[in-house]
Amino acid sequence: MARGALRIYLGAAPGVGKTYAMLKEGQRLRAQGTDVVIGFAEPHGRRLTAALAEGLETVPRRTLVHRGVPFTEMDLDAVLARRPQVALVDELAHTDVPGCRNAKRWQDVEELLDAGIDVVTTLNVQHLESLNDVVEQITGVVQHETLPDEVARRAAQIELVDLPPEVLRRRMVHGDIYPADRIESALTHYFRVGNLTALRELALLWLADRVEEGLQRYRTDHGIATPWETRERILVGLTGGAEGETLIRRAARITARTPGSELLALHVVPGDALAGGSPAALDGQRALVESLGGSYHQVTGDDVVETLLEFARAENVTQIVLGASRRGRLSLLLHAGVGQRTIHGSGPVDVHIVTHEAAAGSAALARLPLPYRGTGRRRYRLATAGTVLLLPALTWALTALRGRLDLSADLVLYLLAVVVIALVGGLWPALVAAVAAALLADYFFTAPAHSFAVERGHDVLALVVFVTVAALVGSAAGTAARRTYQAVRAMSEAQALSRLATAMMHGQDLPALMEQIRENFGLSAVSLLERDPGAGARPRWYVVASAGEQPPERPYDGDLESPVDDSLTLAARGQGLSREDRQLLAACAAQLAVAYTHGRLARHAAETDTFAAAERTRASLLVTAVRELRACLDAAAGALARTDEPEQARAAAARSSVRRARRIVTDLDDVGRLHAGALDLYLRPVELSEVLTTALDDLGPGGHTLVLSLPEELPDVIADAALLTRALTALAADALRHSPSGQPPSVTAELLAGGRVALRITDGDGSPAAAERGRSLALRLSRDLVEAMGGSLRSTGARAAAFSVTLVLPASAAAPRPAAP
């Protein structure tokens, strides 16, 4: 019997429409004449989803009692006995109630598949076992219902059901996912935009990997060895040498320029294992590759090039990055290097040969900075120029004085020149100058002249003593110069760190500190980068602060990098820095990390205070709402209890109180949606007279007792018409409720300077409780709505004075100029 096929609708979160898609597919198959039944479907109270199940045969569920509570589960035996062509089974990762034959629903599905029944099911990405810990890091929620990835991988078809996070949150607000009592908690916790975006990316990446597995199987089954460039795969070859980090960073930059590409690193261990690289260096390079989001591989092969190319073909690699050969030109002429052989055998795969300091011909350049490491490059060059210019000039002068000075005087003057050169450039220029001076003295001032031969023995002794003394004096002078240079450099480093610390103490922000570091080191751009801890294997970097033009956005975008810890690193662009400069830059980076950490703690404390203030505001709103609801209910009960009024009047008073209570509940709902960021805004020019007319209509009977005073040439305001109507209705109803008998509230409008329109609602309430109205639910809702539209709202009022609320909104661009006072 052929095994059934499994089809999975995969989603990033609850509510994206997986069950809807499953039932829609069932209806499509049923219309084609396929025998389809619903083994288990959970519409979660969603009307449109439940409607799709109509017309599909449903196998009755099995009821089980667990701890005194009845539960319904799929009746596996009934579905097997019914034996349809296709069974629709919702929630593949569901845990069955104790008493069922299997512990998990996916095990029930396995039995259906073994029986030759095709199954269409649903699954959320957070239930996959391999992603369980990542989902917990993102959402903070532990998923107890998990599914082995192998079960999902065996599916014949996996289809992604996707919704943008903003749309999913709107569905949540409208009650299409969870019941009303769970909406606010879900929006502020699991269904935050960041969480939903990360889960969406996880689902896309996991599904992309499954598609890639299918492509690899197809190429293997059909014997296709030529790479298919469906995705860029960059392979970097590592030998364990010092050039490895340079190659990895170059390959990472190539990878970063192509979205969706993948970085791989390969070290080929020779068959005799005698020419392998340094284990310590390879461990460090492995860590670097993994930190950049790549994967490290190590294989054994007798022929490095053939092994490398076989791996590249097997992994569908499109580009290979190799280092330039360390061997000399003569050796390369006798036997082709790894890079040349790889290019010849790579076929359609691109091969990049990257130069590095360890390459042939670069060793002398790499060692060149050693002579001037103690005194600096500029002084070394100055001393070299002094040797080339000062010694010939001194020789010319001594030649002109020939006959007046003897050899000892000449050697003393040469010794003086050597000491000067040593003081400027240090030991190495002094040694070179001493030897050169001895040769010049021998050639021009010892007999026979113009020859390096020496006739007299005491001249030979004099030259030997001169070279020795010059070397000793030059060494001492060079040491003193080096110590002086080091002291000056240490002082400059201390001053640089001191300036940075002083700037931090004075509260300068991170961008200003970054600019100071950029100027101190002569860099073109510098960035402090933070790694996203929840990004998984492929890291995502965020720019915390930067300075300069085109600052690096990832560590490998810069010319140099100074890691601070596992999450923070400093990347820079500019001229190469010496070892000492890199050490100083690392110290500055550590100070920046401290400043950033302190700032983050301060922001966290401020956010905590803001959250606490919001909680206090919410509690105050709830207290106010409870008080107003109690007043409404008391008024309704009092109206119904009065016996001295006709029944119709009592019912009308009770209905008015109930309408007011419903308005309070609506206000609370609007406030909650506004604070959750789920209230849509549509800002456009709005005519105030139309909005006021709509608000008066919404007030119902009694609402037309307002006194309106609007200028004839009042411009439109920029607002959301529905929200502005909602705010004006709430404020007008509050004013009507508190106005004394015979003194209706007034509504006036005027054009202010600066392109703004003020709308003022005033009533005659001068009671002692007037100050409490500034904290009423209607006023708070209106203030939040007006501020969300870019306006402002303030209230004024005191005892024995009128209570007034003023709305200020921006006028449209065609607003007329206000009249002069």
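Refer to the structure presented above.
Residues numbered from 1 in each chain as written. Predicted model: local features only at pLDDT ≥ 70, side-chain atom pairs only at ≥ 80, totals over all residues. Heavy atoms only, no water.

Description of the overall build of the protein
Then comes step 1: On a plain count of helices and strands, the protein comes out with 25 helices and 24 strands.
Then comes step 2: In the protein, which comprises 821 residues, the share counted as buried stands at 41%.
Then comes step 3: Put simply, 69% of the contacts in the protein that link residues at least 6 apart link residues at least 24 apart.
Then comes step 4: Accessible surface, the protein as shown: approximately 42,500 Å² in total, 56% of it carbon and sulfur. (Helix = DSSP H or I, 4+ residues; strand = E, 2+ residues; numbered from the N terminus. Buried < 20%, exposed > 50% of the residue type's maximum accessible area, 1.4 Å probe, protein only. Contact = heavy atoms within 4.5 Å. Areas by Shrake-Rupley, 256 points an atom, 1.4 Å probe, with all protein chains shown as cover.)

Let's talk about the packing of aromatic side chains
Then comes step 1: If you walk through the whole model with that rule in mind, you get one aromatic pair.
Then comes step 2: Just above the ring of F40 sits the side chain of R61; from NZ or CZ to the centre is 4.0 Å. (Phe/Tyr/Trp six-rings, centres within 6.5 Å; stacked < 30°, edge-to-face > 60°. Lys NZ or Arg CZ within 6 Å of the ring centre and 35° of its normal.)

Notes on the nonpolar core
Then comes step 1: Counting 65 residues, the largest nonpolar core has L88, L112, L147 and F191 as the members making the most contacts within it.
Then comes step 2: No other element matches helix α9 (residues 193-221), which puts six residues into this core.
Then comes step 3: Once residues lying within four places of it in the same chain are set aside, the contact partners of L88 are M22, L23, G26, V36, V37, I38, G39, F40, L56 and V120.
Then comes step 4: One finds V686, L723, A732 and L807 within the second-largest nonpolar core, a separate group that totals 37 residues. (Core = buried A, V, L, I, M, F, W, Y, C linked by side-chain atoms within 4.5 Å.)

What to know about the pairing of strand β10 (residues 262-270)
Then comes step 1: With eight of nine residues buried, β10 lies mostly within the body of the structure.
Then comes step 2: Bridge count for β10 against strand β11 (residues 295-301) is seven bridges, and the pairing is parallel. By the bridge assignment, H267 is partnered in β11 with Q298. (Pairing = 2+ DSSP bridges.)

Some words on the environment of L92
Then comes step 1: Mapped onto the elements, L92 comes out in the loop between β6 (86-89) and α4 (105-114).
Then comes step 2: Overall, L92 belongs to the buried group, its relative accessible area being 1%.

Notes on the pattern of salt bridges
Then comes step 1: A complete count under the given rule lists 18 salt bridges for this structure.
Then comes step 2: E25 serves as the salt-bridge partner of R28, at 2.6 Å between the closest nitrogen and oxygen. Of this pair, R28 and E25 both sit in helix α1 (residues 18-31), separated by three residues, roughly a single helical turn.
Then comes step 3: R28 gets classed as partly exposed once you look at its relative accessible area, which sits at 40%.
Then comes step 4: Residue E25 is classed as buried on the basis of its relative accessible area of 8%.
Then comes step 5: When salt bridges with common partners are traced through the structure, they connect R3, E110, D114 and R154 into a single cluster. (Salt bridge = Lys/Arg side-chain N within 4 Å of Asp/Glu carboxyl O.)

Here's the deal with the sheet that holds strand β24 (residues 803-810)
Then comes step 1: In spatial order, the strands read β19-β21-β22-β24-β23; together these five strands make up an open sheet with mixed pairing. The strands lining the two open edges of the sheet, one partner per strand, are β19 (707-709) and β23 (792-796). Going from strand to strand, the sheet's axes swing by 15° on average, the running direction of each strand aside.
Then comes step 2: Two strands pair when backbone bridges link them, and strand β21 (residues 746-752) and strand β22 (residues 756-763) are joined in this way by seven bridges, in the antiparallel orientation. The residue of β22 that forms the bridge with E750 is A758. (Axes fitted to C-alpha atoms, helices over the stretch in contact; angles between N-to-C directions.)

A short note on the side chain of E110
Then comes step 1: Structurally, the position occupied by E110 is in helix α4.
Then comes step 2: According to the relative accessible area criterion, E110 is buried, its value standing at 14%.
Then comes step 3: When neighbours within four sequence positions are excluded, E110 is seen to be in contact with R3, V151 and R154.

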